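# Overview (structure and organization)
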Amino acid sequence: MSEVLLQVEGLKKSFGGVVATDDVALDVRLDEIHAIIGPNGAGKTTLITQLFGEQLPDAGHVFFKGNDITRLALHKRASIGLARSFQITSVFMDFSVLDNVALAVQAHEGHSFKFWKAATTEFLLRENAMKALAQVGLDGRASNMASELSHGERRQLEIAMALATNPVFLLLDEPMAGMGAEESALMVKLLKGLKKDRAILLVEHDMNAVFELADRISVLVYGKLIATGTPDEIRNNSEVREAYLGEA
Amino acid sequence: MSVQEVPKNLKPHLQAPSLFGFGQGKLVTILIMALLFMLPMIAWWMGNKFYLDFSVRIICLAIAAVSLNLILGFGGLVSFGHAAFIGIGAYAVGIPAYHGYESAWLHFPLAVGLAGLFALVTGAISLRTKGVYFIMITMAFAQMAYYFFLSLEEYGGDDGMTLWSRSDFGLINISDGLTFFLLCYSVLAICIYLTFRIVNSRFGMVLRGCNSNEPRMKALGYNTYLYRLTAYVISGAMCGLAGALIANLQDFITADTMTWTRSGELMFMVILGGAGSIFGPVFGAVAFLLIEEVLSAFTIYWALPFGILLILSVLFIKGGVNGLILRGWKS
Ligand SMILES: Nc1ncnc2c1ncn2[C@@H]1O[C@H](COP(=O)(O)OP(=O)(O)O)[C@@H](O)[C@H]1O
Ligand SMILES: [Mg+2]
């Protein structure tokens, strides 16, 4: 088994009476896609926000490469190799596609207290941004505005921005949400190529995609992890079928 | 589109930004800036001190509007307290002068430094808030500064203080109307150019990114608070410079230079001219003061039609005067 990159222990988070994360423990290993599935409102997004530092858990710990990062400031997470994409597309609509990714590259290259040279004339910055765009197949759209992209293309842009920070750990929140069959198939292909030398925590509703991509799957129901295992184990788990897969 | 197949020779699209913009709007922009230079010269040549002073007033307020535009137009930070920096800049001239220190080389660095310091302290607190709260808190800090200067009996209190002679530059003498105009115009030109460099730099991209989508910026690893605070300090310092010039223009300093209505006027200039464009705030300052001047000549009840006119123009002219200039020549 490969190295554990991310380890979660006893994570808890509640909003008033709603327990969104209920004593969750899991790990994600290098070269692995670990998928989290579960019905709407199960707490998948909330879990991601705690792993990424946007929300603090009420209890529990998150370890990354053995270091406790539970309370590490959000803006410091990219520099240790974490990146995420958002369930609701979050790009810079009034920027060009290339500028979107250039901002991500720039974030990865240390501080931006540089006030004089025009960023749009920096060759390396632009070239690295182009490379990230090419990785997701969006380089042809580099000079379009992000607002001109189709929904599926914006999802690809999200991934390109996450990749541009050169992450070892990707948190992807429903990257295929709202995509057509064709776009989803492209995304599956893309994600498959991404797991090498990385770890991916994938939250996704598209079961075909999940069972095709995931090395391991965890099932979250009402904030509780009810099962973790290989796709086959999950498919044949009676509790899971009852709680979740059976419904569909 | 799998990750392996990255083409070898990607050509990133490099585009140098242009100060005056692109296309035909460029000509109009240059023309307006040239007029703003020529007309006061003609006024001076014809011995018309009123119009020379009026032009210098436009230019000084344009500097303040340019400074506000950096954070409001590009950074999306609606500061309702920029008049405070003008006031601080003005008193940084008045108070040393009162004590006999008349060197401009003291006055101007002091104005920039103190305004920047005030921006650092108040920005550090204000930027912890968002939206309406940010508007309110910046206004509250500006009011604090206003009442502080109003309470300084030694320096005239609410009667204000007279500046007996203008800041002494040694080499040049700004008591001369033309020289002073040239100084103000140069400062405006420098501030515009600085803004242009800043907003296109890496820092500027970050500032605009924070405006566009702050949660995304944080997720990418930016400490958005620090970048915004830096922009706020640059903006405040630049506005302090405008204040030092305004003190010299008026030869008279009162806390009234920094009332909250002045902050509102600056916001109007920026939005009227075209927030987030390089020259917009200059156009806004010109338009604002011209309309004010013309209307007030017609009627003493000019404030009401003026207000209505401003609101209508902000509502209906997309991109402000700057947007008008760009579109007018595109169609
Ligand atoms: N900020 C919040 N305040 C209150 N309740 C929240 C908040 N965020 C999430 N929740 C609740 O927590 C539960 C889990 O939400 P979420 O993590 O978005 O689920 P999922 O992503 O699995 O659909 C839901 O019941 C939701 O209403
Ligand atoms: Mg969700």
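Scroll up a little and you will see the structure.
Described below are features of the structure shown in this document. What you see is a predicted model; the values in this text were computed from it and never measured. (Residues numbered from 1 in each chain as written. Chains lettered and ligands numbered in written order. Predicted model: local features only at pLDDT ≥ 70, side-chain atom pairs only at ≥ 80, totals over all residues. Heavy atoms only, no water.)

## Some thoughts on the pairing of strand β3 (residues 32–37) of chain A
Residues and elements named next belong to chain A. A large share of β3 lies buried, amounting to six of its six residues. Neither face of β3 is exposed, since E32, H34 and I36 on one face and I33, A35 and I37 on the opposite face are all buried. Bridge count for β3 against strand β8 (residues 199–203) is five bridges, and the pairing is parallel. Opposite I33, over in β8, you have I200 as the bridge partner. Sheet topology places β3 next to strand β9 (residues 216–221); four bridges connect them, and they run parallel. Each residue of the ladder has a partner; that of I37, found in β9, is V219. (Buried < 20%, exposed > 50% of the residue type's maximum accessible area, 1.4 Å probe, protein only. Helix = DSSP H or I, 4+ residues; strand = E, 2+ residues; numbered from the N terminus. Pairing = 2+ DSSP bridges.)

## What about the coordination of the magnesium ion (ligand 2)?
All names here are of chain A. Coordination of the magnesium ion (ligand 2) by the protein involves T45 (OG1) and Q87 (OE1), with metal-donor separations of 2.0 to 2.2 Å. Of this pair, T45 sits in helix α1 (residues 44–52) while Q87 is found in the loop between β6 (82–85) and α2 (97–108), placing the two residues 42 residues apart along the sequence. Accessibility expressed as a relative area gives 29% for T45, which makes it partly exposed. Look at Q87 and you get partly exposed, because its relative accessible area is 30%. (Donors = N, O, S within 2.8 Å, 3.2 Å for Na, K, Ca; no water.)

## A short note on the sheet that holds strand β7 (residues 169–173) of chain A
Residues and elements named next belong to chain A. Strand order in the open sheet formed by six strands is β6-β7-β8-β3-β9-β10, with mixed pairing between adjacent strands. Only two strands of the sheet have a single neighbouring strand rather than two, namely β6 and β10 (224–229). Across the sheet, the axes of successive neighbouring strands diverge by a mean angle of 15°, strand direction being ignored. As defined by bridge partners, β9 adjoins β10 across five bridges and the pair is classed as antiparallel. If you follow L220 over to β10, its bridge partner there is L225. Seen against the sheet, helix α4 (residues 151–164) touches β6 and β7 and runs at an angle of roughly 160° to β7. (Axes fitted to C-alpha atoms, helices over the stretch in contact; angles between N-to-C directions. Contact = heavy atoms within 4.5 Å.)

## Regarding the interface of chain A and chain B
Accessible area lost when the parts come together is the quantity often used to give the size of an interface. In this assembly, 53 residues from chain A lie in contact with 40 residues from chain B. Of the roughly 4200 Å² buried where chain A meets chain B, counting both sides, 66% is carbon and sulfur surface. Counting the surface chain A buries against chain B, the share from its top three residues, H75(A), F115(A) and W116(A), is 16%. Along the contact surface separating chain A from chain B lie three salt bridges. Measuring nitrogen to oxygen at the nearest pair gives 3.0 Å for the salt bridge that ties E158(A) to R216(B). At the boundary of chain A with chain B, the tally comes to 19 residue pairs in polar contact (both at pLDDT 80 or more). Where the side of chain A that touches chain B is concerned, the elements lending two or more residues are β6, α2, α3 (123–135), α4 and α5 (181–194) of chain A. (Buried area = accessible area lost by both parts, 1.4 Å probe. Salt bridge = Lys/Arg side-chain N within 4 Å of Asp/Glu carboxyl O. Polar contact = N/O pair within 3.5 Å; in protein donor to acceptor, adjacent residues only side chain to side chain.)

## Comments concerning the sheet that holds strand β5 (residues 67–68) of chain A
All names here are of chain A. Strand order in this open sheet of four strands is β2-β1-β4-β5, and the pairing throughout is antiparallel. Edge positions in the sheet fall to β2 (18–29) and β5, since each has one partner strand and no second. Contacting β1 (4–15), β2 and β4 (59–64), α1 runs over the sheet at an angle of about 120° to β1.

## Concerning the side chain of R216(A)
All names here are of chain A. Along the chain, R216 falls in strand β9. On the basis of relative accessible area, R216 is assigned to the buried category, the value being 17%. In terms of polar contacts, R216 uses its side chain to reach the side chain of D27, at 2.6 Å. Those residues in contact with R216 that sit more than four places away from it in its chain are D27, V28, R29, E32, I33, H34, A35, T228, G229 and T230.

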